[in-house]
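Listed below, chain by chain, are the residues.
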Amino acid sequence: MNTEYFTISIRTWHPFMPAETLIAAIGLEPDIAYSVGSRRTNPLGELLDGFYRTSYCTFGLLRKAPGDFTEALAPLLDQLENNQSTFHHIAFTGGRTELYVGVFVEGSSGFTLGTADMRRLAELSLELSIEVYP
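Only a predicted model underlies this, so the values are computations on that prediction, with no experimental measurement involved.

**Quick notes on the packing of helix 1 (residues 19-26) against helix 3 (residues 84-92)**
Where helix 1 meets helix 3, the closest approach of the two axes is 9 Å, and the angle between their N-to-C directions is 150°. Comparing the axis directions of helix 1 and helix 3 gives the class roughly antiparallel. Contacts between helix 1 and helix 3 involve Leu-22, Ala-25 and Ile-26 from the former and Thr-86, Phe-87 and Ile-90 from the latter. Looking at the contact of helix 1 with helix 3, its residues break down into five nonpolar, one polar and no charged.

Shown next as structure tokens:
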């Protein structure tokens, strides 16, 4: 695999739970957070038309880690087990939480996600989103 590096974040959306509640429940400092019903803004904080339809938070876990992200997955899932009830509650009440992986590569690339990791993601109520960037 020609992976140069990868990043991993948690992203969560909820139809009515405020971002502050999500942040407190997950217990991490968000990179981005906004609450349902709040006024939309651009990345510079300038107001846009409309209001957010859901709450959203993203939390950076690993930034520019070298190698294959599948090798970092099991230890990361170990750390996230403390949040299992939070992720279950978010899903049970209509929200969703995902592990977002950005893979930055040169040339062709591929990976295999083992059944043990897939099972653990499901047990934690985490979806997996992967984007591969050239």
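**Looking at the pairing of strand 6 (residues 96-105)**
Among the ten residues of strand 6, eight are classified as buried, and the element is accordingly described as predominantly covered. The pairing of strand 6 with strand 7 (residues 127-133) spans seven bridges and is parallel. Within the sheet, the bridge partner assigned to Phe-104 lies in strand 7 and is Tyr-133. Following the chain from strand 6 across helix 4 (residues 115-123) to the adjacent parallel strand 7, one finds a crossover that is right-handed.

**Re the pattern of salt bridges**
Under the criterion given, the structure shown has six salt bridges. Across the pair Arg-11 and Glu-98 runs a salt bridge whose closest N-O atoms are separated by 2.5 Å. Residue Arg-11 is located in strand 1 (residues 3-14), and its partner Glu-98 is located in strand 6; the two are separated by 87 residues in the primary sequence. Note on Arg-11: relative accessible area 18%, which makes it buried. Residue Glu-98 is joined to Arg-96 by a salt bridge in which the shortest nitrogen-to-oxygen separation is 3.4 Å. Residue classification places Glu-98 among the buried positions, given a relative accessible area of 4%.

**So, helix 4**
Where helix 4 is concerned, the buried positions are Asp-117, Arg-120 and Leu-121. Relative to the axis of helix 4, the buried residues are bounded by an arc of 100° and lie together on one face. Away from the buried face of helix 4 by more than 90 degrees, exposed residues Thr-115 and Ala-122 are located. Its buried side turned inward, helix 4 meets helix 2 (69-80), strand 6 and strand 7.

Cut-off values and rules
- Residues numbered from 1 in each chain as written.
- Predicted model: local features only at pLDDT ≥ 70, side-chain atom pairs only at ≥ 80, totals over all residues.
- Heavy atoms only, no water.
- Axes fitted to C-alpha atoms, helices over the stretch in contact; angles between N-to-C directions.
- Helix = DSSP H or I, 4+ residues; strand = E, 2+ residues; numbered from the N terminus.
- Parallel < 35°, antiparallel > 145°, perpendicular 65-115°, else oblique.
- Contact = heavy atoms within 4.5 Å.
- Nonpolar A, V, L, I, M, F, W, Y, C, P; charged D, E, K, R; others polar.
- Buried < 20%, exposed > 50% of the residue type's maximum accessible area, 1.4 Å probe, protein only.
- Pairing = 2+ DSSP bridges.
- Right-handed = clockwise from strand over helix to strand, strands pointing away.
- Salt bridge = Lys/Arg side-chain N within 4 Å of Asp/Glu carboxyl O.
- Arc of directions from axis to C-beta.

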